[in-house]
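Examining the three-dimensional arrangement
Okay, here's what each chain looks like letter by letter:
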Amino acid sequence: MIGTLIAQDFRATRKSLVAVVGIALLVVAVSLTMTALRVPVIGQIGLVVGIIAAVMLTLVVLGLLVENYWRTMYGREGYFTMVVPVRGRTLFFAKVVYGLTVAVVGAALSALGLVGAAVAFALSQRQEPLEFLRTGLGMVEPWMAWFAAAALLLQIAYLVVVGAGIMSIGAQGRFNHLGFGAPVLGAVLVYLVMQVVTFAAIMVVPFGVVMVGPDAGSLVPRGMLNEFIAVLGDDPATGSTQPPNVLGLGFVFTSAALIALMAWWGARAVDRHTSLR
Amino acid sequence: MNTPLAIEVTGLTKSYRGRTALDGLDLRLAPGQIVGLMGDNGSGKTTLLKILAGVLAEWEGSVRVAGHAPGPESKATVSFLPDASFLPDAHRPADSIDLYARFFDDFDPSRARSMVEFFGLPWDRTLKEMSKGMREKLQISLAMSRRARVYLLDEPISGVDPASRDVILRGILSNFDDDALLLISTHLIQDVEQIVDSVLFLRAGSVLLHGGADELRAEHGMSLDALFRKVYTS
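This one's a predicted model, so the numbers in the text were calculated from it and none came from an experiment.

Calculation criteria
Residues numbered from 1 in each chain as written. Chains lettered and ligands numbered in written order. Predicted model: local features only at pLDDT ≥ 70, side-chain atom pairs only at ≥ 80, totals over all residues. Heavy atoms only, no water. Helix = DSSP H or I, 4+ residues; strand = E, 2+ residues; numbered from the N terminus. Rg over C-alpha atoms; globule rule 2.2 N^0.38 Å. Buried < 20%, exposed > 50% of the residue type's maximum accessible area, 1.4 Å probe, protein only. Contact = heavy atoms within 4.5 Å. Areas by Shrake-Rupley, 256 points an atom, 1.4 Å probe, with all protein chains shown as cover. Lys, Arg positive; Asp, Glu negative; His and termini not counted. Charge placed at Lys NZ, Arg CZ, Asp CG, Glu CD. Pairing = 2+ DSSP bridges. Core = buried A, V, L, I, M, F, W, Y, C linked by side-chain atoms within 4.5 Å. Axes fitted to C-alpha atoms, helices over the stretch in contact; angles between N-to-C directions. Patch = residues over 30% accessible without salt bridge, like charges linked within 9 Å, V, L, I, M, F, W, Y side chains within 5 Å. Salt bridge = Lys/Arg side-chain N within 4 Å of Asp/Glu carboxyl O. Buried area = accessible area lost by both parts, 1.4 Å probe. Expected span 1.5 Å × (residues − 1). Parallel < 35°, antiparallel > 145°, perpendicular 65-115°, else oblique. Left-handed = near helix turned anticlockwise from the far one by under 90°. Phe/Tyr/Trp six-rings, centres within 6.5 Å; stacked < 30°, edge-to-face > 60°. Nonpolar A, V, L, I, M, F, W, Y, C, P; charged D, E, K, R; others polar.

1. Description of the overall build of chain B
Of regular secondary structure, chain B possesses 9 helices and 9 strands. In terms of C-alpha radius of gyration, chain B reaches 17 Å, essentially the compact-globule figure of 17 Å for 234 residues. Referenced to the eigenvectors of the C-alpha coordinate spread, the extents of chain B come out at roughly 50 × 45 × 35 Å. Considering chain B as a whole, with its 234 residues, one finds that 54% of them fall into the buried category. Long-range pairs, those at least 24 residues apart, make up 69% of the contacts in chain B with a sequence separation of at least 6. As presented, chain B carries roughly 9800 Å² of accessible surface, and 46% of it is formed by carbon and sulfur atoms. One way to put it: in chain B the 26 positive side-chain charges average out to a point 4 Å from where the 32 negative ones average out.

See the structure below:
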């Protein structure tokens, strides 16, 4: 049944997704073509527009997923979804799996758009695009590329799972008189709490990555607290301020913990507390 | 051997933020009948149907529908028609029939197509392009095309013209399995008076009156519509 549910979500969203992604890619293509052809004025604006459109693509896709989740679970279409003879947690996980898949595809298309922007920029500067890309990528340490990709995937999982969880918790009987305001308030609350928790985790969790020097990219058993304190003690007037050498990775644990918590809580909310208005 | 009850509710209480919608409601309904669920506004009709359908949680008491607590097992045997337009606006009738066929094992697509034809619904029009009455007819076609043990219909004829009400009721009756239970809520008692086997009057979340339609008419010497007016104005 989970496959049927995922296929249903695809049917329900494919037209709007294709429209949004199509428009975004069209804007990216036209804008970057202007840049590549060095059209006066428009070419320079085109690069900015192309980059913005590429980044916005993923954000708009995530917005559509939110709209689809709320409408089909707690809007009037929820009266169909919630009488399908499966457990609430099955509905929740089908939505999450579909959301993750679509969001990853959206992010991949955004990344493709940004590569296109780099190519257009190279052409506008009369450089060989592949050589330009190769040089640009050569400046990035492999570990950094992997780190960025992993962080992006973690962020996508965070947004999809936590977003779905917040909506389902907000739709419980005790909160649903607030309508969509309940998940909005929940999201603000989670954001504020996570800012504090993540900051603390980056500082104190003994797990980080060396950012500079010959050991760059090495994982080390320390957070950023000592260096942070040292930076606070520096006197900017003497110019002795040093950027931290280690980036604390405690946020990985807090993000993973919140994803797990919201997956459990969201599934439980659908399972036991569904209350259609 | 006793026939198992289609619906068995004991001490059902449901509150919305301190406001009681159902107040210790007890109810036992056998299969093989059409029951009219009647009551004034806020009497708890929709709340009761939502709980039975499994779309409303956080209540107290005991509820069994077709032998199951509200959940996946009960949903497999209960066909619920809510008082809301729950199908996607972009759907044409065939899309909605396909949707039901994918999710409900007891759904009979050919019966649904026959009902759509019976109601004279346009196959080429989306729900967005249909009138309220047409949408209601399509939703009834889908709900009644499941071979369910319990049908829960929430205000299926409200907001449609009198001629359409008759057509809708005929459509419901022609597709109702004699072994099933049909619980239909409505304010329009006059329209359903001739089809119900028994009635259930709710007031303030409790059962005010429950009995066979013929018995109540004989006992009180008046129609159910007149009885309703008398009971709820007293």
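2. A look at the sheet that holds strand E2 (residues 219-220) of chain A
Within the open sheet, the 3 strands sit side by side as E2-E1-E3 (chain A). Their pairing is antiparallel. Pairing within the sheet leaves two strands with one partner each, and these edge strands are E2 and strand E3 (246-248) of chain A.

3. Examining the side chain of Asp9(A)
Residues and elements named next belong to chain A. Position of Asp9 relative to the elements: it lies in helix H1 (residues 2-36). For Asp9, a relative accessible area of 4% corresponds to the buried category. Discounting residues that sit within four places of it in the chain, Asp9 has contacts with Asn68, Lys95 and Tyr98.

4. Points about the nonpolar core
In terms of nonpolar packing, the biggest core is built from 122 residues, with Ile7(B) and Leu152(B) touching the most fellow members. Ignoring any residue separated from it by four or fewer positions in sequence, one finds Leu152(B) in contact with Ile7(B), Leu49(B), Leu52(B), Ala53(B), Val78(B), Ser79(B), Phe80(B), Leu81(B) and Leu183(B). Grouped together as the second largest cluster of nonpolar side chains are 8 residues, Val28(A), Leu32(A), Leu47(A) and Ala120(A) included.

5. Here's the deal with the sheet that holds strand E6 (residues 150-154) of chain B
Residue and element names in this part refer to chain B. Strand order in the open sheet formed by 6 strands is E5-E6-E7-E3-E8-E9, and the pairing between neighbours is mixed. Where the open sheet ends on each side, the last strands, each with one partner, are strand E5 (78-81) and strand E9 (206-212). On average, each strand axis in the sheet is inclined to that of its neighbour by 15°, with strand direction left out of account. The sheet contact formed by strand E3 (residues 33-39) and strand E7 (residues 181-185) spans 5 bridges and is parallel. Across the sheet, residue Gln33 finds its bridge partner in E7, namely Leu181. Set on the sheet, helix H1 (residues 45-53) makes contact with E3, E5, E6, E7 and strand E8 (198-203); between it and E6 the angle comes to about 145°.

6. Brief notes about a nonpolar patch on the surface
All names here are of chain A. Together, Val48, Ile51, Ile52, Val55, Met56, Leu59, Val60 and Leu114 give the surface a local cluster of nonpolar side chains, amounting to about 630 Å² of exposed area. Tallying contributions element by element places helix H2 (residues 42-74) first for the nonpolar patch, with 7 residues. By secondary structure assignment, the location of Leu114 is in helix H4 (residues 88-124). Residue classification places Leu114 among the partly exposed residues on the basis of a relative accessible area of 37%.

7. Observations concerning the interface of chain A and chain B
Taken together, the contact between chain A and chain B spans 25 residues of the former and 25 residues of the latter. Carbon and sulfur atoms supply 62% of the area buried between chain A and chain B, which totals about 2300 Å² over both sides. Taken as a group, Arg76(A), Tyr79(A) and Phe80(A) account for 30% of the area that chain A buries against chain B, more than any other trio of residues on that side. For the pair chain A and chain B, the interface holds 1 salt bridge. Across the pair Asp89(B) and Arg76(A) runs a salt bridge whose closest N-O atoms are separated by 2.8 Å.

8. Points about the pattern of salt bridges
A pair can form between side chains of opposite charge whenever their charged atoms are brought close. A complete count under the given rule lists 16 salt bridges over all chains for this structure. With a shortest N-O distance of 2.7 Å, Asp108(B) and Arg147(B) are connected by a salt bridge. You can see Asp108(B) sitting in the loop between helix H3 (93-103) and helix H4 (109-119) and its partner Arg147(B) sitting in the loop between helix H5 (132-144) and E6, a full 39 residues away along the chain. You can call Asp108(B) buried: its relative accessible area is 16%. Classification of Arg147(B) as partly exposed rests on a relative accessible area of 48%. Look at the salt bridges and you will find they share partners, linking Glu67(A), Arg71(A) and Glu77(A) into a network.

9. Quick notes on a positive patch on the surface
A surface patch of positive charge is lined by Arg11(A), Arg14(A), Lys15(A) and Arg92(B). Relative to the helices and strands, Arg14(A) resides in helix H1.

10. What to know about helix H7 (residues 181-204) of chain A
All names here are of chain A. When the terminal C-alpha atoms of H7 are compared, their 35 Å separation across 24 residues agrees well with the 34 Å that a helix rising 1.5 Å per residue should span. Listed as buried for H7 are Ala182, Pro183, Gly186, Val190, Met194, Thr198, Ala201, Ile202 and Met203. Contacts from the buried residues of H7 go to H2, helix H6 (142-170), helix H8 (225-233), E3 and helix H9 (250-273).

11. Observations concerning the packing of H4(A) against H9(A)
Residue and element names in this part refer to chain A. Between H4 and H9, the shortest axis-to-axis distance is 7 Å and the interhelical angle comes to 130°. As the angle between them shows, H4 and H9 are arranged oblique. The handedness of the crossing between H4 and H9 is right-handed. Along the contact surface, H4 presents Gly88, Arg89, Leu91, Phe92 and Phe93, while H9 presents Met262, Ala263, Gly266, Ala267, Val270 and Asp271.

12. Some words on the packing of aromatic side chains
Under the counting rule described, the total for this entry stands at 18 aromatic pairs over all chains. On the numbers, 5.1 Å between centres and 45° between planes, the contact of Tyr100(B) with Phe104(B) is tilted. Its relative accessible area of 3% is what places Tyr100(B) among the buried residues. Classification of Phe104(B) as buried rests on a relative accessible area of 3%. A centroid spacing of 5.3 Å and a plane angle of 50° characterise the contact between Tyr100(B) and Phe107(B), whose relative ring orientation is tilted. One aromatic cluster is present, formed by Phe80(A), Tyr100(B), Phe103(B), Phe104(B) and Phe107(B) through successive ring pairs.

13. A few points about the packing of H6(A) against H7(A)
All names here are of chain A. Interaxial distance between H6 and H7 falls to 8 Å at its minimum, and their mutual angle equals 130°. As judged from the angle between their axes, H6 and H7 are oblique. Considering the relative orientation of H6 and H7, their crossing is right-handed. Contacts between H6 and H7 pair Tyr158, Val162, Ile166, Met167 and Gly170 from the former with Ala182, Pro183, Gly186, Ala187, Val190 and Met194 from the latter. For the contact of H6 with H7, a count of residues per class yields 9 nonpolar, 2 polar and no charged.

Treat this as a map of the structure, not an account of what it does.
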